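Observations on the model geometry
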Amino acid sequence: MSQARQNETTETGQLSRRVFLMRVGALSTLAAYTPGIAQLLAAEEITYETLSSELYAKTPQEEAYVADVIDQMNQGTIPRKIVYASRNYALKRQKTLRIIYFDRCLRQLCARAKIRVKLPPLR
């Protein structure tokens, strides 16, 4: 076994921490610059039907809220990136409260980006 190969592995044959982290970093860099990944992620379009069903909008107020968010996103008032991030955050939360998490995240991200958004209150 060569000297360089011995430095990469420990006595048990496992990769050293340093080599492992270098390889993971190289793979993540490769994935970030691979063409088409960003296009695949952006290809998923959010519509009223998908957002309202994913967030479990039940009341007419919640449905009107989702419709207003979609309208403002299509007009360019709210960036798509913020709506996607809020949606992804809410989808990881409890099903019955997803729309509340979506609303809070959306308002927080808009406030950070210094975007004034007029949305109806949920409750």
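Just above, that's the structure.
Residues numbered from 1 in each chain as written. Predicted model: local features only at pLDDT ≥ 70, side-chain atom pairs only at ≥ 80, totals over all residues. Heavy atoms only, no water.

Some points on the overall build of the protein
Helix and strand counts for the protein come out as 7 helices and 0 strands. Put simply, the protein runs from its N terminus to its C terminus through helices and strands in the order α-α-α-α-α-α-α. Every one of the 123 residues in the protein was classed for burial, and the buried ones make up 24%. Residue pairs in contact within the protein that sit at least 24 positions apart in sequence constitute 53% of those at least 6 positions apart. Taken as a whole, the protein presents about 9000 Å² of accessible surface, with 56% of it coming from carbon and sulfur. (Helix = DSSP H or I, 4+ residues; strand = E, 2+ residues; numbered from the N terminus. Buried < 20%, exposed > 50% of the residue type's maximum accessible area, 1.4 Å probe, protein only. Contact = heavy atoms within 4.5 Å. Areas by Shrake-Rupley, 256 points an atom, 1.4 Å probe, with all protein chains shown as cover.)

Some details on the side chain of R98
Secondary-structure assignment places R98 in helix α7 (residues 98-112). Of the side chains with opposite charge, E54 comes closest to the buried, unpaired R98, at an N-O distance of 7.3 Å. Filtering out sequence-adjacent residues up to four positions away, R98 remains in contact with E54, L55, Y56, A90, L91 and R93. (Lys, Arg positive; Asp, Glu negative; His and termini not counted. Salt bridge = Lys/Arg side-chain N within 4 Å of Asp/Glu carboxyl O.)

A short note on the pattern of salt bridges
Here the structure, examined in full by the defined rule, presents 3 salt bridges. When the shortest N-O distance is used, the salt bridge between E54 and R87 registers 2.6 Å. Taken together, the residues E54 in helix α4 (residues 48-54) and R87 in helix α6 (residues 80-91) connect sequence positions 33 residues apart. The residue D103 makes a salt bridge to R107 at a minimum N-O spacing of 2.8 Å. Pair noted here: D103 and R107 are both in helix α7, with a separation of 4 residues, about one helical turn. Residue classification places R107 among the partly exposed positions, given a relative accessible area of 34%.

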